[in-house]
Amino acid sequence: MTIHRPTYANAKTTLQTEITALRRRVARAHRILTAGGIWPLTKGHVSARIPGTDHVLILGHIHSEGRSLIDTDIDDIVTVDLDGNWLEGRIEPVDERYLHLEIMKDRPDVTSVVHAHPTYATAFGIAGVNILPVGNRGAIFAPQVPILDFDRQIDTPERGRMCRDAIGDGLALVLKNHGVAVCGDSIENATIATFALEETAQLQWIAAQVGPVQKISTGEVRSVLTGARKEEFYSHVWGHYARLDPWFSAPEQEHSNRGQVKTPAQR
Ligand SMILES: [Zn+2]
(Lines give C-alpha, C1' and ligand atoms only; values in the text may rest on other atoms or scores of the structure.)
Protein backbone atom coordinates (compact mmCIF):
# COMPACT_ATOMS: atom_id res chain seq x y z
CA MET A 1 0.00 0.00 0.00
CA THR A 2 1.35 3.40 -0.91
CA ILE A 3 1.16 6.04 1.78
CA HIS A 4 0.79 9.52 0.38
CA ARG A 5 2.27 12.23 2.56
CA PRO A 6 2.05 15.94 1.83
CA THR A 7 5.26 17.47 0.53
CA TYR A 8 6.27 20.77 2.08
CA ALA A 9 7.98 23.57 0.22
CA ASN A 10 10.81 23.61 2.73
CA ALA A 11 11.80 22.63 6.26
CA LYS A 12 10.61 25.97 7.69
CA THR A 13 7.08 25.31 6.43
CA THR A 14 7.16 21.87 8.03
CA LEU A 15 8.21 23.28 11.41
CA GLN A 16 5.55 25.98 11.18
CA THR A 17 2.93 23.33 10.46
CA GLU A 18 4.10 21.28 13.44
CA ILE A 19 4.01 24.32 15.73
CA THR A 20 0.46 25.15 14.63
CA ALA A 21 -0.61 21.56 15.40
CA LEU A 22 1.11 21.74 18.79
CA ARG A 23 -0.52 25.09 19.54
CA ARG A 24 -3.91 23.62 18.73
CA ARG A 25 -3.29 20.73 21.19
CA VAL A 26 -2.19 23.13 23.95
CA ALA A 27 -5.33 25.24 23.44
CA ARG A 28 -7.50 22.12 23.54
CA ALA A 29 -5.91 20.99 26.83
CA HIS A 30 -7.03 24.29 28.40
CA ARG A 31 -10.62 23.74 27.28
CA ILE A 32 -10.61 20.13 28.51
CA LEU A 33 -9.17 20.99 31.94
CA THR A 34 -11.70 23.81 32.28
CA ALA A 35 -14.62 21.58 31.30
CA GLY A 36 -13.34 18.95 33.76
CA GLY A 37 -13.51 21.45 36.63
CA ILE A 38 -9.80 21.23 37.34
CA TRP A 39 -9.36 24.94 37.87
CA PRO A 40 -12.09 26.77 39.74
CA LEU A 41 -12.43 30.37 38.52
CA THR A 42 -10.91 29.16 35.24
CA LYS A 43 -7.34 29.90 36.30
CA GLY A 44 -4.41 27.75 35.24
CA HIS A 45 -2.19 27.09 32.24
CA VAL A 46 -0.59 24.42 30.11
CA SER A 47 2.74 24.52 28.30
CA ALA A 48 4.50 22.41 25.66
CA ARG A 49 8.08 22.32 24.49
CA ILE A 50 8.57 22.77 20.74
CA PRO A 51 10.56 19.62 19.83
CA GLY A 52 14.21 20.21 18.98
CA THR A 53 14.21 23.80 20.26
CA ASP A 54 14.46 25.68 23.55
CA HIS A 55 11.15 27.34 22.82
CA VAL A 56 7.95 26.66 24.69
CA LEU A 57 4.30 27.28 23.87
CA ILE A 58 2.26 28.62 26.78
CA LEU A 59 -0.99 30.45 27.48
CA GLY A 60 -1.15 34.20 26.91
CA HIS A 61 -2.64 36.27 29.70
CA ILE A 62 -6.22 35.98 28.41
CA HIS A 63 -7.56 36.46 31.95
CA SER A 64 -6.68 40.13 31.54
CA GLU A 65 -9.21 40.21 28.69
CA GLY A 66 -11.87 38.80 31.02
CA ARG A 67 -12.02 35.59 28.97
CA SER A 68 -12.75 32.08 30.22
CA LEU A 69 -10.30 29.29 29.43
CA ILE A 70 -13.23 27.29 28.04
CA ASP A 71 -12.75 29.46 24.92
CA THR A 72 -8.96 29.07 24.59
CA ASP A 73 -8.03 29.10 20.90
CA ILE A 74 -4.74 28.69 19.08
CA ASP A 75 -4.03 32.43 18.90
CA ASP A 76 -4.19 32.57 22.72
CA ILE A 77 -1.08 30.34 22.88
CA VAL A 78 2.20 32.23 22.65
CA THR A 79 5.90 31.35 22.37
CA VAL A 80 8.57 31.98 25.00
CA ASP A 81 12.13 30.78 25.43
CA LEU A 82 13.29 28.79 28.44
CA ASP A 83 14.32 32.03 30.17
CA GLY A 84 10.78 33.35 29.90
CA ASN A 85 11.33 35.91 27.12
CA TRP A 86 8.21 36.51 25.03
CA LEU A 87 9.12 35.65 21.43
CA GLU A 88 5.88 35.39 19.54
CA GLY A 89 2.13 35.75 19.97
CA ARG A 90 -0.53 38.40 20.25
CA ILE A 91 -0.76 38.61 24.05
CA GLU A 92 1.74 38.62 26.92
CA PRO A 93 2.55 35.15 28.36
CA VAL A 94 1.22 34.30 31.83
CA ASP A 95 3.31 35.57 34.75
CA GLU A 96 3.74 32.10 36.21
CA ARG A 97 5.55 30.75 33.13
CA TYR A 98 8.70 30.21 35.24
CA LEU A 99 7.02 27.29 36.99
CA HIS A 100 6.89 25.48 33.64
CA LEU A 101 10.19 26.66 32.24
CA GLU A 102 12.48 25.91 35.18
CA ILE A 103 11.15 22.34 35.40
CA MET A 104 11.60 21.84 31.64
CA LYS A 105 15.15 23.24 31.73
CA ASP A 106 16.22 20.47 34.06
CA ARG A 107 14.00 17.63 32.87
CA PRO A 108 14.41 16.60 29.23
CA ASP A 109 11.75 13.92 29.89
CA VAL A 110 9.18 16.65 30.56
CA THR A 111 7.70 18.15 27.38
CA SER A 112 4.52 19.53 28.93
CA VAL A 113 3.52 21.01 32.28
CA VAL A 114 0.07 21.79 33.68
CA HIS A 115 -0.39 24.35 36.44
CA ALA A 116 -3.82 24.13 38.02
CA HIS A 117 -5.75 24.79 41.22
CA PRO A 118 -7.86 21.66 41.74
CA THR A 119 -9.81 21.68 45.00
CA TYR A 120 -8.89 18.33 46.60
CA ALA A 121 -5.21 18.23 45.66
CA THR A 122 -4.78 21.84 46.82
CA ALA A 123 -6.53 21.03 50.12
CA PHE A 124 -3.89 18.39 50.87
CA GLY A 125 -1.23 21.07 50.56
CA ILE A 126 -3.15 23.36 52.92
CA ALA A 127 -3.33 20.55 55.48
CA GLY A 128 0.33 19.64 54.95
CA VAL A 129 -0.55 16.02 54.08
CA ASN A 130 1.15 14.36 51.12
CA ILE A 131 -0.98 12.75 48.39
CA LEU A 132 -0.13 9.04 48.28
CA PRO A 133 -0.35 6.42 45.53
CA VAL A 134 -3.83 5.11 46.26
CA GLY A 135 -6.58 3.69 44.03
CA ASN A 136 -6.39 2.73 40.38
CA ARG A 137 -5.01 6.04 39.17
CA GLY A 138 -2.55 6.86 41.93
CA ALA A 139 0.41 4.64 41.08
CA ILE A 140 2.10 7.26 38.91
CA PHE A 141 2.50 9.50 41.98
CA ALA A 142 4.59 7.05 44.02
CA PRO A 143 6.17 7.29 46.48
CA GLN A 144 4.19 10.46 47.31
CA VAL A 145 3.51 13.97 46.00
CA PRO A 146 5.81 16.55 47.62
CA ILE A 147 4.46 19.84 48.99
CA LEU A 148 6.27 23.14 48.46
CA ASP A 149 5.80 25.28 51.54
CA PHE A 150 5.52 28.54 49.62
CA ASP A 151 2.24 30.26 48.83
CA ARG A 152 3.19 33.11 46.50
CA GLN A 153 2.90 33.30 42.70
CA ILE A 154 5.66 31.50 40.78
CA ASP A 155 6.44 34.58 38.71
CA THR A 156 10.25 34.71 38.84
CA PRO A 157 12.99 32.27 37.73
CA GLU A 158 14.07 31.88 41.39
CA ARG A 159 10.58 30.77 42.40
CA GLY A 160 10.48 28.46 39.39
CA ARG A 161 13.71 26.84 40.58
CA MET A 162 12.12 26.26 44.00
CA CYS A 163 9.41 24.24 42.27
CA ARG A 164 11.94 22.35 40.17
CA ASP A 165 13.93 21.42 43.28
CA ALA A 166 10.79 20.36 45.15
CA ILE A 167 9.38 18.17 42.37
CA GLY A 168 12.72 16.39 41.76
CA ASP A 169 12.14 13.43 39.42
CA GLY A 170 8.46 13.22 40.33
CA LEU A 171 5.41 13.81 38.21
CA ALA A 172 3.55 16.22 40.46
CA LEU A 173 3.99 18.90 43.08
CA VAL A 174 1.48 20.56 45.41
CA LEU A 175 2.05 24.26 46.08
CA LYS A 176 0.80 25.06 49.56
CA ASN A 177 -2.33 27.25 49.59
CA HIS A 178 -2.06 27.64 45.84
CA GLY A 179 -2.37 24.66 43.46
CA VAL A 180 -0.41 21.98 41.67
CA ALA A 181 2.17 21.42 38.94
CA VAL A 182 1.93 18.22 36.91
CA CYS A 183 4.42 17.00 34.29
CA GLY A 184 4.05 14.81 31.22
CA ASP A 185 5.94 13.54 28.21
CA SER A 186 3.12 14.92 26.06
CA ILE A 187 0.38 17.53 26.40
CA GLU A 188 -2.26 14.80 26.58
CA ASN A 189 -0.38 12.79 29.23
CA ALA A 190 0.18 15.86 31.41
CA THR A 191 -3.56 16.58 31.13
CA ILE A 192 -4.49 12.99 32.05
CA ALA A 193 -2.04 13.02 35.00
CA THR A 194 -3.65 16.24 36.27
CA PHE A 195 -7.08 14.59 36.33
CA ALA A 196 -5.50 11.50 37.93
CA LEU A 197 -3.93 13.63 40.67
CA GLU A 198 -7.24 15.23 41.59
CA GLU A 199 -9.04 11.84 41.50
CA THR A 200 -6.31 10.36 43.73
CA ALA A 201 -6.53 13.21 46.23
CA GLN A 202 -10.32 12.88 46.37
CA LEU A 203 -10.10 9.13 46.89
CA GLN A 204 -7.48 9.48 49.63
CA TRP A 205 -9.62 12.05 51.41
CA ILE A 206 -12.68 9.79 51.31
CA ALA A 207 -10.67 6.75 52.45
CA ALA A 208 -9.26 8.71 55.37
CA GLN A 209 -12.85 9.27 56.64
CA VAL A 210 -13.39 5.53 56.73
CA GLY A 211 -10.12 4.19 58.12
CA PRO A 212 -6.35 4.12 57.83
CA VAL A 213 -5.12 4.95 54.31
CA GLN A 214 -3.20 2.11 52.69
CA LYS A 215 -1.02 2.72 49.66
CA ILE A 216 -0.87 0.65 46.46
CA SER A 217 1.73 -2.13 46.79
CA THR A 218 5.24 -1.53 45.47
CA GLY A 219 4.78 -4.34 42.96
CA GLU A 220 1.67 -2.75 41.47
CA VAL A 221 3.35 0.66 41.34
CA ARG A 222 6.29 -0.83 39.48
CA SER A 223 3.95 -2.59 37.09
CA VAL A 224 2.01 0.58 36.25
CA LEU A 225 5.15 2.68 35.86
CA THR A 226 6.80 0.38 33.33
CA GLY A 227 6.08 -1.15 29.95
CA ALA A 228 2.65 -1.87 28.55
CA ARG A 229 0.75 -0.92 31.71
CA LYS A 230 2.18 2.60 31.53
CA GLU A 231 1.07 2.98 27.91
CA GLU A 232 -2.33 1.64 28.90
CA PHE A 233 -2.59 4.07 31.83
CA TYR A 234 -2.57 7.02 29.45
CA SER A 235 -3.77 5.91 26.03
CA HIS A 236 -6.87 4.08 27.24
CA VAL A 237 -8.37 7.14 28.88
CA TRP A 238 -7.57 9.93 26.45
CA GLY A 239 -10.70 9.27 24.40
CA HIS A 240 -12.75 9.99 27.51
CA TYR A 241 -11.04 13.29 28.34
CA ALA A 242 -10.87 14.42 24.69
CA ARG A 243 -14.67 14.40 24.60
CA LEU A 244 -14.82 16.93 27.42
CA ASP A 245 -13.67 19.52 24.88
CA PRO A 246 -16.75 21.59 24.01
CA TRP A 247 -15.34 21.86 20.49
CA PHE A 248 -14.82 18.12 20.19
CA SER A 249 -15.07 16.69 16.72
CA ALA A 250 -13.82 13.50 15.08
CA PRO A 251 -10.01 13.57 14.66
CA GLU A 252 -10.11 13.88 10.86
CA GLN A 253 -12.30 16.97 11.19
CA GLU A 254 -10.32 18.66 13.90
CA HIS A 255 -9.85 22.35 13.35
CA SER A 256 -10.13 25.60 15.23
CA ASN A 257 -13.85 26.21 15.55
CA ARG A 258 -14.36 28.91 18.13
CA GLY A 259 -17.99 29.48 18.85
CA GLN A 260 -19.20 26.42 17.00
CA VAL A 261 -20.35 24.31 19.90
CA LYS A 262 -21.61 21.04 18.50
CA THR A 263 -24.90 19.50 19.49
CA PRO A 264 -24.78 15.87 20.66
CA ALA A 265 -26.25 14.81 17.30
CA GLN A 266 -23.40 16.52 15.45
CA ARG A 267 -20.78 14.78 17.59
ZN1 LIG B 1 -1.17 29.60 40.17
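Before reading further, recall that the structure is shown in the block above.
Q: Looking at this structure, I do not really get the packing of aromatic side chains. What am I missing?
A: Per the stated rule, a full pass over the model turns up three aromatic pairs. In this structure, arginine 137 is placed above the aromatic ring of phenylalanine 233, and the distance from its NZ or CZ to the ring centre is 3.9 Å.

Q: Help me understand the coordination of the zinc ion in this model?
A: Think of it this way: four donors in a tetrahedron around the metal ideally sit 109.5 degrees apart, and six in an octahedron ideally sit 90 or 180 degrees apart. Taken together, the protein ligands of the zinc ion are Glu96 (OE), His115 (NE2), His117 (NE2) and His178 (NE2), with distances of 2.1 to 2.5 Å. For the zinc ion, the four donor atoms are set out with angles of 89 to 148° between them, so the coordination reads as irregular. Mapping the donors of the zinc ion onto the primary sequence gives the spacing E-x18-H-x1-H-x60-H. Taken as a pair, glutamate 96 in the loop between strand S4 (86-88) and helix H2 (97-106) and histidine 117 in the loop between strand S5 (112-116) and helix H3 (119-127) lie far apart in primary sequence, 21 residues in all. Across this residue pair, the class does not change: glutamate 96 and histidine 117 are buried.

Q: How should the sheet that holds S4 be read in this particular structure?
A: As a general point, the strands of a sheet are linked pairwise by backbone hydrogen bonds and lie either parallel or antiparallel. Sheet architecture is open: eight strands sit in the order S4-S3-S2-S1-S5-S8-S7-S6, paired in mixed fashion. The open sheet terminates on both sides in strands that have one partner only, identified here as S4 and strand S6 (147-148). Pairing of strand S2 (residues 55-59) with strand S3 (residues 77-81), which is carried by five bridges, proceeds in the antiparallel orientation. Each residue of the ladder has a partner; that of valine 56, found in S3, is valine 80. Lying on the sheet, helix H1 (residues 11-35) is in contact with strand S1 (45-49), S2, S3, S4 and S5; it crosses S1 at an angle near 155°. Docked against the sheet, helix H5 (residues 187-210) engages S1, S5, strand S7 (172-175) and strand S8 (179-184), running at close to 140° with respect to S8.

Parameters at a glance
Residues numbered from 1 in each chain as written. Predicted model: local features only at pLDDT ≥ 70, side-chain atom pairs only at ≥ 80, totals over all residues. Heavy atoms only, no water. Phe/Tyr/Trp six-rings, centres within 6.5 Å; stacked < 30°, edge-to-face > 60°. Lys NZ or Arg CZ within 6 Å of the ring centre and 35° of its normal. Donors = N, O, S within 2.8 Å, 3.2 Å for Na, K, Ca; no water. Tetrahedral: all angles 85-135°; square planar, octahedral: opposite > 155°, others 65-115°. Helix = DSSP H or I, 4+ residues; strand = E, 2+ residues; numbered from the N terminus. Buried < 20%, exposed > 50% of the residue type's maximum accessible area, 1.4 Å probe, protein only. Pairing = 2+ DSSP bridges. Contact = heavy atoms within 4.5 Å. Axes fitted to C-alpha atoms, helices over the stretch in contact; angles between N-to-C directions.

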